[in-house]
Amino acid sequence: MSSTLADLSIATFAIHEVVEGTRTGRDGSTLVVDVPQLAVGARSDALAEVTVEVVRPDDPVRIANVLDVVLPDVGADDLDGTFPGLLDHGRREWFPTGRIHRVDGVVVLSVCDWRAAGAPDADELPDAYVDMAGPGVDRNPWAGDVAVVVRCVPAPGVPVADADAAVRRASLLVARALASTTLGESPDRIDLCRHPSTVEAAPDLPALAAVLQIASEGPLVDTFRLGRAMGTFAPTVVDPREPLAGAIVSGAYDWPAVRNVTAVYQGSALVRELLAGHGERFRMAGLVLAPGYLDGADEKQRAASRTAELLAELDADAAVCTTFSSGNSHTDTMLTIRACEQRGIAAVGVLAETNGGLTDHVPEADCLVSTGNEDELVDAWTPERVIGTEGDARVGEQVPTWAYVGACVETGDARLTAVPA
Amino acid sequence: MTTARGPIVHYLNQFFAGLGGEEAAGHEAVRIDGPVGPGRALAAAGLAPDVTLACGDDRFGEHEEESLGTLLAWLDQLRPAVLVCGPAFGSGRYGYACGVLAREAGRRGIPVVTAMTPDSPGVIAAEGAAYVVPSGSNVAAMKDVVPVVARLALTLAAGDQPGPPDEEGYLPRARRANVLVERTGAERAIELVLVKLRGDVRTEIEPPAELVHPAPAVADPRTVTVALVTESGCVPVGNPDRLQTRRAATWLRYPIDGLGSLDADAYTSVHAGFDTSNAQADPNRLVPLDAARALERDGAIGRLHGEFYTTSGVDTPVASAVAIGREIAAALREAQVGAVILTGT
C-alpha cells in the first residue's frame, strides 16, 4: 500500500466550556484561551489590526461581516501539514493521511468589514451574519458551538488579495493554535477514514459517488485547494479524504447561506457518510471536484459531461451532486444531473430554493434534496451587541435567510430544509 | 367574532356588500360594522366578521393606489386576527382586488384567506401571501366554499398553522417554510439515491409547475412595434435610478428615441453576475439598439419602441422575476408592442 492510501484518522476532543486565561491550553473539556496571545500570533503586515473575541452559545450577539468558519484542526504528527499549502506555503508533497486533532464544540470565525476598508467592489458583497441567540439562531449550523471571532482590519493601501490572504491565514493560525492544545492528549473519539479502495466491499453493492461543486472566481470569491486558488479547473477525481483533512479552504464571500465555508469542507457530511457506509450499504465509488459558476453555456456543458464521464470511469451507479452558491451554479448542477442520467448514473441534486422555485431545472432532475428556502424572512431581533461592523447590521429588522452564513449550504452539511407552507 | 388576537375582518365588492350592482362599481371604499352578505354565511359557519370593508370593482381597479391605501389604513387600525376576502368566484375584477388586498395585508403580517376560481388573476396577484380556496365560477359554489374558508380562517385567527394544501383545501401557495430536520442533507441525499436505484423516485423539491413555452412566431415583423428588453443590468452611467446589482425586485425603462446606438460613455451595466468589461466597452451587446435600428431602417421590423426595459437578472427570487415579467409585459401591451427582443446574460 502506498503512502497516499494510508489511513487518515480524525481524533476529536470535546470542549464544553471556553474561558479566557493567560495561556492558551486545555483542561479536560475546558478550553483556556489567551485572547491577546492569539491575536498577536495572527498578526501580519497586511493587517492593521487583529482582535480575538470569544462568543458563547445563547449570548445575545450578532456577528456581522463573517467571512469564513473554520474548525480548529492540527496535524498531530505534522504541524506544518495543517491546512496544507496555506500554513506551510505549499513547500512539500502532502497526502490526506496521518492523524488530525480536532476540537469539537468550538469554531473560529473570520470577520472583516471590506466596505469599511474601502475594498474595490465591496459593495457587491452581501451582508453575512451569525446569530448566537434570537430567532436567527436556528439558521446558524454552529449555534451550539463557542465562536472564537478573529476580527481583522486590512492595513491601508494593501491590495485586497493580499489583505484577504492575511485574514485567511489569521483565522487558520488561530484554529491551529486552539487545536494544538490537544497535542499529546487522548481524544474523546477517533474516526478512522480509510481510503475506500483499501476497504473490502461486496461488488454487488451499489456504487455511490459524490460530486463536490466548487467555484473560484478571483479575490474575495476564490476557493483554495492545497493553498492555490482553484480558478477555472477541469472536473477532477481526488482522494475523498482531501476536504476532511483541510486541503480545501474557502475564500469565497458570496451569498452567506449557500457559502461553502472551510468548516463545511472539513466536516464534509457527505464524504463521511459515504466512507462510513462503504462496504455495508453501498460502495463509495469516489469523489469528483467539479467547477461551478462557469460563465458560458459551452463551458457548463463541457464540465457537466466530463464530470459524468469521470463518474462512469469510477463505475458509479449513482451520484450525489452538490451545489456551490445560488443562481448561475444551479444550471451547472442541473446539467450535471442530466449528463449523469444520460449515462445511466442515477443522480440526486442538493440545492437551496428561492421562495417559489429553482433558478433552473431539467426533467432529469427528479430527485432533489432541499437545503432550505433562502428567501424566507427571519423575525426581527435586537441583539444586545453586534460584532464586526459599525453599521446597523439589520438590528430590529427582519433578516432574509440568505444573509445567515451556512444556513442553506448545498453540500448536505446542514439540517435545514423547506416544506410547503 | 373578535378573538384574543384581534377582530375578524371581511372584504367584499360593491355587489356582495349590498351597495349596488354594476352601476355601483365605482363606489369608493367603505367600512361597515358587522357581517354583510356572504359574511352572514361565514358567521353561520362559525366565523362572524366584526367589520366588513368593501369597494367597487371599478373603483379599485382604476384607483388602486388610493383604494388600497384606504383599506390598508383601516386594516392597520383594526389589526385583525384574520382577513377574509371574497369569495370572488369567477369575477376577474373582484378576484384581482381580493388578491391585491390579500398580498398587501399578508405583507403586513395579517393572515388572509380568500376564495376564487384557480385561474382568477387574483391568485397571481396574491403572490402566495394568502390561503386561496379554489371555488366554482359563480355564487352557486358559495355553500361549498364558505365552510372551507371559515375553517381555515378560524385556524389562522387562533394563531395556528393550517395543514397542507391537499388536506385543508387551499391552493398550493408556492411558499416554502424552513424547518430543521433530524438528518443532514447528505444523509437524506444518500437515502434518496439508494431508493432511486431501486426504482422508487422521490424528491423534496417538486419540478416547477409553470413552464414557459416559446411564443409563436410573429406573423409579419414588418407590421409590428418591437421593444428591447434586457436583464443585463444596462442603465445610464452612474445608475441614476439605483437599479439593484443583484436580487433586483424592480425594473426600469429608458428612452431611446433618436438614438442610433448606445454610447459606451452614456450606458453601462451594473449586473453583478458576470464580467461586464466587454459589455461596458459596447453596451449595444446588452441592448442591441444598433442592430435593431438597422432592421428598422431596412423595414424588417415595423418600428422600434421608444424605450428599452431593463433589470438585473442575478440571484433574483422566482417570485420577483415573475412579477417583473408581468409588469413589463403589461407596460408593453399598453404601448401596443407586438414583439420583444429579450437579451439575457
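Since we're looking at a predicted model, the values are computed, not measured.

Calculation notes
- Residues numbered from 1 in each chain as written.
- Chains lettered and ligands numbered in written order.
- Predicted model: local features only at pLDDT ≥ 70, side-chain atom pairs only at ≥ 80, totals over all residues.
- Domains from an automatic or database assignment.
- Pairing = 2+ DSSP bridges.
- Helix = DSSP H or I, 4+ residues; strand = E, 2+ residues; numbered from the N terminus.
- Axes fitted to C-alpha atoms, helices over the stretch in contact; angles between N-to-C directions.
- Parallel < 35°, antiparallel > 145°, perpendicular 65-115°, else oblique.
- Left-handed = near helix turned anticlockwise from the far one by under 90°.
- Contact = placed C-beta atoms within 7 Å.
- Nonpolar A, V, L, I, M, F, W, Y, C, P; charged D, E, K, R; others polar.

> What is the right way to read the domain arrangement of chain B from this model?
When the parts of a complex come together, some accessible area is lost, and that lost area is often taken as the interface size. Looking at the assigned domains, one finds that chain B contains domain 1 (8–168) and domain 2 (221–343). Inter-centroid distance (C-alpha atoms) of domain 1 of chain B to domain 2 of chain B is 37 Å.

> I tried to follow the pairing of strand β12 (residues 303–310) of chain B on my own but got confused; where do I start?
Consecutive side chains of a regular strand alternate in pointing toward one face of the sheet and then the other. Note: strand β8 (residues 225–230) of chain B against β12(B), five bridges, orientation parallel. Its bridge partner being in β12(B), B:Leu228 is matched across the sheet by B:Phe308.

> What is the right way to read the packing of helix α4 (residues 269–277) of chain A against helix α8 (residues 185–197) of chain B from this model?
Relative placement of two packed helices is described by the angle separating their axes and the distance separating the axes. Running from amino to carboxyl end, α4(A) crosses α8(B) at an angle of 50°, the nearest separation of the two axes being 8 Å. Taken as axis vectors, α4(A) and α8(B) run oblique relative to one another. Here the hand of the crossing between α4(A) and α8(B) comes out right-handed. Between α4(A) and α8(B), the residues in contact are A:Ala269, A:Leu270, A:Glu273 and A:Gly277 and B:Ala186, B:Glu187 and B:Ile190, respectively. Here the residues of the contact of α4(A) with α8(B) are counted per class, giving four nonpolar, one polar and two charged.

> Help me understand the interface of chain A and chain B, please; the structure alone is not making it clear to me.
At the interface, 49 residues of chain A touch 41 residues of chain B. The greatest single-element share of the side of chain A that touches chain B, amounting to six residues, is contributed by strand β22 (residues 368–373) of chain A. Class assignment for the residues of the side of chain A that touches chain B results in 22 nonpolar, 16 polar and eleven charged. When strand β26 (residues 416–420) of chain A meets strand β7 (residues 176–180) of chain B, the two strands line up antiparallel, connected through five bridges. Directly across from A:Leu416, in β7(B), lies its bridge partner B:Leu180.

> Please clarify how the environment of B:Leu68 should be interpreted in this entry.
Residues and elements named next belong to chain B. Residue placement: leucine 68 occurs in helix α3 (residues 64–78). Separated by 13 residues in the primary sequence, leucine 68 and cysteine 55 place their C-alpha atoms 9.5 Å from one another. Apart from the residues within four sequence positions on either side, leucine 68 is in contact with Val100, Leu101 and Glu104.

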